[in-house]
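Notes for the structure review
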Amino acid sequence: TVDPSTSCSPGDFTLADGTRIGVITCADLIYEHPLKDLLDRGVKNFVMPAAWSNEMADMQVMAYAQGWSAATGASLVLSNHRRNAESGSGIWQAGLPIATT
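Just so it is clear, the structure is predicted and the values come from calculations on it, not from any experiment.

Observations regarding the pattern of salt bridges
One pass over the structure, following the stated rule, counts three salt bridges. Between arginine 41 and aspartate 12 there is a salt bridge; the shortest N-O distance is 2.2 Å. Of the two residues, arginine 41 sits in the loop between α1 (35-40) and β3 (45-50) while aspartate 12 sits in strand β1 (residues 11-14), which places them 29 residues apart along the sequence. Its relative accessible area of 25% is what places aspartate 12 among the partly exposed residues. A salt bridge links aspartate 40 to lysine 36; the nearest nitrogen and oxygen atoms lie 2.8 Å apart. Of this pair, aspartate 40 and lysine 36 both sit in helix α1, four residues apart, which is roughly one turn of that helix. Through salt bridges that share partners, Asp12, Arg20 and Arg41 make up one connected network.

In C-alpha cells:
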C-alpha cells in the first residue's frame with residue numbers, strides 16, 4: 001500500500017518565454033493525480049522520465065503516453081529506458097507523434 005503525501009504539490013516550472021512545463025515521473029501517467037491537478041492549473045506541456053518494460057501488454061508506455069496526450073490535448077516528452085525489453089521514447093502533441101525511438 002502506498003500512502004500519498006498530503007503536503008506535496010504537483011511540480012511545474014515556467015520557461016523564459018512563458019511556457020509552463022509540468023514534471024511527472026514514471027507511473028504518474030496511469031493515475032489521475034498529479035496530472036489532473038497540473039492540467040487544472042493550465043499546464044499543457046509535460047516532461048516524463050520512465051522505466052517501463054514491455055513484459056506485460058498493459059504496460060506499454062508509448063501507447064499510454066500517446067493516448068494520454070490525445071485525451072488531454074497536451075504535449076508530452078517521454079524519456080524511457082532503451083533496452084531490448086523496453087519500448088522507446090517519444091514526443092506527442094495532442095496525441096500526434098512528433099518523434100519516437
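Some thoughts on the pairing of strand β5 (residues 90-93)
For a regular strand, the rule is simple: side chains alternate between the two faces of the sheet. The side-chain alternation of β5 yields one buried face, formed by Gly90 and Trp92, and one unburied face, formed by Ile91 and Gln93. One ladder, built from four bridges, connects strand β4 (residues 75-80) with β5; its direction is antiparallel. Bridging across to β5, valine 77 finds its partner in isoleucine 91. Across four bridges, the pairing between β5 and strand β6 (residues 96-100) is antiparallel. Counted as the bridge partner of glutamine 93 is leucine 96 from β6. Connecting the antiparallel pair β5 and β6 is a turn made up of two residues, with alanine 94 showing a positive phi of about 50°.

Topic: the packing of aromatic side chains
Applying the stated criterion across every chain, the model contains two aromatic pairs. Ring centres of phenylalanine 46 and tryptophan 68 lie 5.1 Å apart, and the angle between their planes is 90°; this geometry places the pair in the edge-to-face category. Here phenylalanine 46, found in strand β3, pairs with tryptophan 68, found in helix α2 (residues 61-72); they are 22 residues apart in sequence, far enough to count as distant. The exposure class of tryptophan 68 is buried, given its relative accessible area of 12%. Note on tryptophan 52 and tyrosine 64: the rings are 5.3 Å apart at their centroids and 80° apart in plane angle, and the pair reads as edge-to-face. Here the residue tryptophan 52 occupies a position in the loop between β3 and α2, and tyrosine 64 occupies one in helix α2, the gap between them amounting to 12 residues.

Rules of the game
- Residues numbered from 1 in each chain as written.
- Predicted model: local features only at pLDDT ≥ 70, side-chain atom pairs only at ≥ 80, totals over all residues.
- Heavy atoms only, no water.
- Salt bridge = Lys/Arg side-chain N within 4 Å of Asp/Glu carboxyl O.
- Helix = DSSP H or I, 4+ residues; strand = E, 2+ residues; numbered from the N terminus.
- Buried < 20%, exposed > 50% of the residue type's maximum accessible area, 1.4 Å probe, protein only.
- Pairing = 2+ DSSP bridges.
- Phe/Tyr/Trp six-rings, centres within 6.5 Å; stacked < 30°, edge-to-face > 60°.

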